[in-house]
Amino acid sequence: MKTDKLHNALSAFPLTAVEPKGWLLRQLEIQMKGLTGILHEAWDSVGSYSGWLGGTGENWERCPYYLDGLLPLSYYLDDGKHRELCDRFIAWALKSQDKEGNFGPAASKDDYWSRFVMLKVLIQYAEITGDPQVNVLCKGYFKYAAKSLDQRPLAQWGKARAGDLLYCIKWLYEQEPDAALIDLAQKVSSQALDWGGLYTNFPFTRATSFYYNWDKVKANNTWSQFDVAMAFHATHIVNVAMGLKFPAMQYCFDHNKDHYAALKAGLEALAKYHGTAAGIFNGDEHLSGNSPSQGAELCSVVELMFSLQCMLESFGDPAWGDLLERIAYNSLPATISEDFMSHQYLQQANQVLATVAKRNWFNNDDTSNTFGLEPNFGCCTANMHQGWPKFLKSLWFREGEDTLVSMVFAPSAVKLVFEGCPYKLELGTSYPFRDILNYKVVEGRGKEFTLKIRHPQWASNFDVRINGKPEAVTSVDNFLVIKRIWDCGDILNCHFAMPIAKSRWFNNSLAVERGPLVFGLDIAEKWTAFRETGGIKDYEIRPESEWNYALDEGGTIEAKEKEIADLPFSKKSPPVILEAPARKLPSWGLENNSAAPPPLSPVQTAEPVEIIRLIPYGCAKLRISQFPYYSEASLK
Ligand SMILES: [Zn+2]
């Protein structure tokens, strides 16, 4: 086959083109001061005995997962100590390549999946350093894979997560087009789990427990038989989140528009049957329906963020920018402690008790919603680090030669070149807590180009000023499009009014939103350490205030903006709060150690009206985010 240009609606910037600023930079610093900065010393799975340093320790996905976040984080923070740590692992990986082209720890030589993750790390390393050894390793590994896949086709995790391999093949192809890579991409596609087919006619419209009994599957089968006994990989929540990348990557190679339709249908089905207000899909750890008391795994949060980045690059659909913000600004901060020292395996949209107890999970353990080093299983301990650092690559894209796209909003700067002239633009903002975006050209002069700003679906009103003067801008296909000659010092202020909105979820439950933020009831939390490993504590959280409220459906909700503290997602000083009229609902209580699913609304209650305080979902480790509601007019 001849070599062609790949098909992307947008081009991603190399990670070095974007800089974090403002609260996002602080968030990265908090992360490095927390678990990300100490994990190599604190947790043996990624420690000095790692198989990825030639040792006898863990030799599968955990080190590559960790580096996938640690490497870009160290780069953005210019942190020499952690860069050196990454370099040790990377140097070992580069040296480990054998004559056939395979690489990595000998003990896991036959595993494809863990190599996909390390390739993603090496790609980031190449973007940072330009080290040509990465291209050499990729070429060798892809040659090896092309042969090896004929004898030993993709299976299990490799088959479910083949989109990540396509991502890596695409990266090399963009630098060194080679028809053999197109053939390899076709081979990989033909062996992979058919995510496009699954999303187009999504078969799992109920919780996985409706179709399969986990206890029976586990009792009657060995691990390698799970996939025969049930649709194990197709219902696995992390796979489902990662699988969204697969049609997006296929599209780059085959330009078949059906992939876009499949993704649209898939996202719609996932939201309808397994969705929560905070954006993430329930899976504990298989798809678990849309009750706000089911759980969503942290790995699926960060993987869905990365899949959306890839989908945005392939198709440029601004609706997916909305979804990415919903997840990054709600689901992600909610499931990691403010100091980044502990995390949950599973988060609940309605989470009123995070304790060691049996809950209605499909197959996760009793520690899954506690905050700790390694609740339930260590995948999230290794994988959570990619969330914030890789998010930076989703903020800005380039479209063709003369358009810069501001897709997802966070304080940042981007460097690029227009017709030979270097430009740098800064986005100064306290978004998502505030509604103003201030774009400033800080370098560059005299070139005409287009700035496209995503027009979020929740924003019906907006206005734009350039250098202080109102500018008539229309929204075209959900982008504000501004074409002009840009000079250093130019300032564009864009204001998207953030109305308070109410959205409907499971059993008619009601969520309150303001712009990209979802809000949760501010429940007094009591944190108690119940275990300590190498100085890192695991916590249970119990409520010290009531949580069983129903909202007034038509009640007026008021927003109050507060100071944005050093911790952007802070429970103590949330950057914005809402006050809403509500009444207690005494009949709504606990069920199997979680808030019972909210009763079908509208509900009846004779309790008096109270004004309750709602804070951003990401600030509330205990919360109700999907409320039952009543209507004042129909109360008996
Ligand atoms: Zn995980």
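What counts, and at which threshold
Residues numbered from 1 in each chain as written. Predicted model: local features only at pLDDT ≥ 70, side-chain atom pairs only at ≥ 80, totals over all residues. Heavy atoms only, no water. Helix = DSSP H or I, 4+ residues; strand = E, 2+ residues; numbered from the N terminus. Buried < 20%, exposed > 50% of the residue type's maximum accessible area, 1.4 Å probe, protein only. Contact = heavy atoms within 4.5 Å. Areas by Shrake-Rupley, 256 points an atom, 1.4 Å probe, with all protein chains shown as cover. Lys, Arg positive; Asp, Glu negative; His and termini not counted. Charge placed at Lys NZ, Arg CZ, Asp CG, Glu CD. Donors = N, O, S within 2.8 Å, 3.2 Å for Na, K, Ca; no water. Tetrahedral: all angles 85-135°; square planar, octahedral: opposite > 155°, others 65-115°. Polar contact = N/O pair within 3.5 Å; in protein donor to acceptor, adjacent residues only side chain to side chain. Pairing = 2+ DSSP bridges. UniProt positions renumbered as here; feature names shortened; annotations may be inferred. Axes fitted to C-alpha atoms, helices over the stretch in contact; angles between N-to-C directions. Salt bridge = Lys/Arg side-chain N within 4 Å of Asp/Glu carboxyl O. Parallel < 35°, antiparallel > 145°, perpendicular 65-115°, else oblique. Nonpolar A, V, L, I, M, F, W, Y, C, P; charged D, E, K, R; others polar. Phe/Tyr/Trp six-rings, centres within 6.5 Å; stacked < 30°, edge-to-face > 60°.

1. Some words on the overall build of the protein
Alright, step 1. The helix and strand inventory of the protein stands at 21 helices and 29 strands.
Alright, step 2. Along the first, second and third principal axes, the C-alpha atoms of the protein reach 75 × 70 × 50 Å.
Alright, step 3. Counting the 636 residues in the protein, one finds 62% classified as buried.
Alright, step 4. In the protein, the proportion of contacts linking residues at least 24 apart, taken out of those at least 6 apart, comes to 72%.
Alright, step 5. Total accessible area on the protein stands at roughly 23100 Å², and carbon and sulfur atoms take up 50% of it.
Alright, step 6. Of the side-chain charges in the protein, 64 are positive and 75 negative, and the distance between the mean point of each set is 0 Å.

2. Comments concerning the coordination of the zinc ion
Put simply, the ideal angle at a metal is 109.5 degrees for four donors in tetrahedral geometry and 90 or 180 degrees for six donors in octahedral geometry.
Alright, step 1. Protein coordination at the zinc ion comes from Glu297 (OE), Cys299 (SG), Cys379 (SG) and Cys380 (SG), with a distance range of 2.0 to 2.3 Å.
Alright, step 2. If you look at the zinc ion, its four donor atoms make angles of 96 to 122 degrees with each other, and the shape they trace is tetrahedral.
Alright, step 3. Written as a sequence motif, the donor arrangement for the zinc ion is E-x1-C-x79-C-C. With respect to burial, Cys379 and Cys380 carry one shared label: buried.

3. Observations regarding the side chain of Ser96
Alright, step 1. Relative to the helices and strands, Ser96 is located in the loop between helix H4 (80–95) and helix H5 (113–129).
Alright, step 2. Within polar-contact distance, the side chain of Ser96 engages the backbone nitrogen of Gly104 at 2.9 Å.
Alright, step 3. Beyond its immediate chain neighbours, meaning those up to four positions away, Ser96 contacts Asn102, Phe103, Gly104 and Lys109.

4. Focus: the pairing of strand E12 (residues 462–466)
Alright, step 1. Both E12 and strand E16 (residues 491–496) contribute to a ladder of five bridges, which runs antiparallel. Following the sheet pairing, Val464 is matched in E16 by Cys494.
Alright, step 2. As paired elements, E12 and strand E13 (residues 469–471) share three bridges and run antiparallel to each other. Directly across from Arg465, in E13, lies its bridge partner Pro470.
Alright, step 3. The turn linking E12 back onto E13 is made up of two residues, and Asn467 within it adopts a positive phi angle of 50 degrees.

5. A word on the environment of Phe89
Alright, step 1. For Phe89, the position within the fold is in helix H4.
Alright, step 2. For the pair Phe89 and Asn213, spaced 124 residues apart in sequence, the C-alpha separation works out to 41 Å.
Alright, step 3. When near neighbours in sequence (up to four residues on either side) are disregarded, Phe89 contacts His40, Val46, Gly47, Ser50, Trp52, Leu53, Cys63 and Leu67.

6. Brief notes about the UniProt feature "domain: Non-reducing end beta-L-arabinofuranosidase-like GH127 middle" (unreviewed entry) in the protein
Alright, step 1. Look at the UniProt record and you will see "domain: Non-reducing end beta-L-arabinofuranosidase-like GH127 middle" (unreviewed entry) annotated at residues 405–498.
Alright, step 2. Counted over residues 405–498, helix gives 0% and strand 61%. Its end C-alpha atoms are 21 Å apart.

7. Looking at the sheet that holds strand E15 (residues 479–486)
The pairing of strands in a sheet happens through backbone hydrogen bonds and is either parallel or antiparallel.
Alright, step 1. Taken in spatial order, the six strands line up as E1-E6-E7-E11-E15-E14 in an open sheet, and their pairing is mixed. Looking at the sheet topology across the chains shown, the edges are occupied by strand E1 (11–12) and strand E14 (475–476).
Alright, step 2. Judged from the four bridges that link them, strand E7 (residues 403–406) and strand E11 (residues 447–454) form a sheet pairing that is parallel. Along E11, the bridge assignment pairs Ser406 with Ile453.

8. Regarding the sheet that holds strand E9 (residues 421–428)
Alright, step 1. Ordered in space as E2-E8-E9-E10-E16-E12-E13, the seven strands form an open sheet in which the pairing is antiparallel. With one partner strand each, in any of the chains shown, strand E2 (18–20) and E13 form the two edges of the open sheet. The average angle at which neighbouring strand axes cross in this sheet is 25 degrees, direction not considered.

9. Details of the pattern of salt bridges
A side chain with one charge can pair with a side chain of the opposite charge if their charged atoms come near.
Alright, step 1. Counted under the stated rule, the structure contains 35 salt bridges.
Alright, step 2. Taking the shortest distance from any N to any O, the salt bridge between Glu419 and Lys447 comes out at 3.8 Å. Taken together, the residues span a long stretch of sequence, with Glu419 in the loop between strand E8 (412–418) and E9 and Lys447 in strand E11 at a distance of 28 residues.
Alright, step 3. A relative accessible area of 64% means that Glu419 is categorised as exposed.
Alright, step 4. The salt bridge partner of Arg583 is Glu632, with a shortest N-O separation of 3.0 Å. Here Arg583 is found in strand E24 (residues 576–584), whereas its partner Glu632 is found in the segment after strand E29 (629–630), with 49 residues between them in sequence.

10. Remarks on the packing of helix H8 (residues 162–175) against helix H9 (residues 179–191)
Alright, step 1. Running from amino to carboxyl end, H8 crosses H9 at an angle of 175 degrees, the nearest separation of the two axes being 10 Å. As the angle between them shows, H8 and H9 are arranged roughly antiparallel. Residues Ala162, Leu165, Leu166, Ile169, Leu172 and Tyr173 of H8 form the contact with H9, whose participating residues are Leu181, Ile182, Leu184, Ala185, Val188 and Ser189.
Alright, step 2. Taken together, the residues that form the contact of H8 with H9 break down as 11 nonpolar, one polar and no charged.

11. What about the packing of aromatic side chains?
Alright, step 1. The full count for this structure, using the stated rule, is 47 aromatic pairs.
Alright, step 2. Their ring planes at 85 degrees and their centres at 5.3 Å tell us that Phe103 and Tyr141 sit as a pair that is edge-to-face. Separated by 38 residues along the polypeptide, Phe103 in the loop between H4 and H5 and Tyr141 in helix H6 (residues 133–151) bring together distant segments of the chain.
Alright, step 3. Judged by centre distance (6.3 Å) and plane angle (70 degrees), the rings of Tyr329 and Tyr431 are edge-to-face. Remark: Tyr431 occurs in the loop between E9 and strand E10 (436–443) and Tyr329 occurs in helix H19 (residues 318–334); sequence separation between them is 102 residues.

12. Observations concerning unusual backbone geometry
Alright, step 1. Residue Asp284 is joined to Glu285 through a cis peptide bond whose omega torsion reads 0 degrees.
Alright, step 2. Along the chain, Glu285 turns up in the loop between helix H17 (258–274) and strand E3 (296–297).
Alright, step 3. Residues other than glycine seldom take positive phi values, yet Asn592 does so here, at roughly 50 degrees.
Alright, step 4. Position of Asn592 relative to the elements: it lies in the loop between strand E25 (590–591) and strand E26 (594–595).

13. Let's talk about the environment of His233
Alright, step 1. Position of His233 relative to the elements: it lies in helix H14 (residues 232–235).
Alright, step 2. Residues contacting His233, with those up to four places away along its chain left out, are Gln156, Trp157, Ala160, Leu193, Trp195, Asp227 and Asn239.

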